[in-house]
Amino acid sequence: QVQLAESGGGLVQAGGSLRLSCAASGRTFSSYAMGWFRQAPGKEREFVAAISWSGGTTIYADSVKGRFTISRDNAKNTVYLQMNSLKPEDTAVYYCAAQRGRPDYTTTMYDYWGQGTQVTVSS
């Protein structure tokens with residue numbers, strides 16, 4: 001069982017940066033691949049980025065590639081999402097998720113989810 005708690009969201013102007021954190025409970029955090037997803041009002045939840053248990057493999061949605069960076073610190077049971085050059089279309093609730101397999105783009109592959117943190121980018 002893994003419990004996840006996101007933090008770091010907020011209001012930022014276009015072009016600005018935010019760093020999201022996702023703290024995980026449990027001693028087996030390092031065995032889970034972690035993902036970040038987002039959901040804007042009226043839209044489906046979509047993939048943003050994911051990272052393998054070791055941190056050696058990362059994947060990104062095309063819409064954030066080159067602007068966002070996912071990383072993890074297994075000693076702190078935390079995964080991060082550094083978001084730079086933010087755009088109004090990045091506005092959404094951001095969720096972290098965990099699963100025992102490989103990093104994946106698909107929401108249904110993830111077993112555990114946090115409650116989400118709101119990111120709002122003003123133009």
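Look up: the structure comes first, before these words.
Now for a quick tour of the structure. (Residues numbered from 1 in each chain as written. Predicted model: local features only at pLDDT ≥ 70, side-chain atom pairs only at ≥ 80, totals over all residues. Heavy atoms only, no water.)

1. Overview of the state of the cysteines
Formally, a disulfide is one covalent bond, and it connects the sulfur atom of one cysteine to the sulfur atom of another.
Line of reasoning, step 1. Enumeration according to the criterion identifies one disulfide in this entry.
Line of reasoning, step 2. Between Cys22 and Cys96 runs a disulfide, and the two sulfur atoms are separated by 1.9 Å. Given an S-S torsion of about 50°, the disulfide between Cys22 and Cys96 has right-handed geometry. One end of the pair, Cys22, is in strand β3 (residues 18-24); the other, Cys96, is in strand β9 (residues 92-99), and 74 residues separate them in sequence.
Line of reasoning, step 3. Judged by its relative accessible area of 0%, Cys22 is buried.
Line of reasoning, step 4. A relative accessible area of 0% places Cys96 in the buried class. (Disulfide = S-S within 2.5 Å. Helix = DSSP H or I, 4+ residues; strand = E, 2+ residues; numbered from the N terminus. Buried < 20%, exposed > 50% of the residue type's maximum accessible area, 1.4 Å probe, protein only.)

2. A word on the side chain of Arg72
Line of reasoning, step 1. Mapped onto the secondary structure, Arg72 falls in strand β7 (residues 68-73).
Line of reasoning, step 2. With no salt bridge to any partner, buried Arg72 finds its closest opposite charge in Asp73, at an N-O distance of 8.2 Å.
Line of reasoning, step 3. At 2.7 Å, the side chain of Arg72 forms a polar contact with the backbone oxygen of Tyr32.
Line of reasoning, step 4. A polar contact is formed between the side chain of Arg72 and the backbone oxygen of Ser52, at a distance of 2.8 Å.
Line of reasoning, step 5. Once you skip the residues sitting within four places of it in the chain, Arg72 turns out to touch Phe29, Ser30, Tyr32, Ala33, Met34, Ile51, Ser52, Trp53, Gly55, Thr78, Val79 and Tyr80. (Lys, Arg positive; Asp, Glu negative; His and termini not counted. Salt bridge = Lys/Arg side-chain N within 4 Å of Asp/Glu carboxyl O. Polar contact = N/O pair within 3.5 Å; in protein donor to acceptor, adjacent residues only side chain to side chain. Contact = heavy atoms within 4.5 Å.)

3. Structural notes on the side chain of Ser52
Line of reasoning, step 1. One can find Ser52 in the loop between β5 (46-51) and β6 (58-60).
Line of reasoning, step 2. A polar contact is formed between the side chain of Ser52 and the backbone nitrogen of Gly56, at a distance of 3.2 Å.
Line of reasoning, step 3. Discounting residues that sit within four places of it in the chain, Ser52 has contacts with Tyr32, Ala33, Thr57, Arg72 and Pro103.

4. Brief notes about unusual backbone geometry
Line of reasoning, step 1. Its identity is not glycine, yet Asn77 carries a phi of approximately 55°, on the positive side.
Line of reasoning, step 2. A positive phi is found at Ser85, a non-glycine position, where the angle reads about 50°.
Line of reasoning, step 3. For Ser85, the location among the structural elements is in the loop between β8 (78-83) and β9.

5. Quick word on the sheet that holds β8
Line of reasoning, step 1. Spatial ordering of the open sheet is given by β1-β3-β8-β7, a layout of four strands whose pairing is antiparallel. The open sheet has two edge strands with one neighbour each: β1 (4-7) and β7. Going from strand to strand, the sheet's axes swing by 15° on average, the running direction of each strand aside.
Line of reasoning, step 2. With six bridges connecting them, β3 and β8 associate as antiparallel partners. Considered in β8, the bridge of Ser21 is made with Tyr80. (Pairing = 2+ DSSP bridges. Axes fitted to C-alpha atoms, helices over the stretch in contact; angles between N-to-C directions.)

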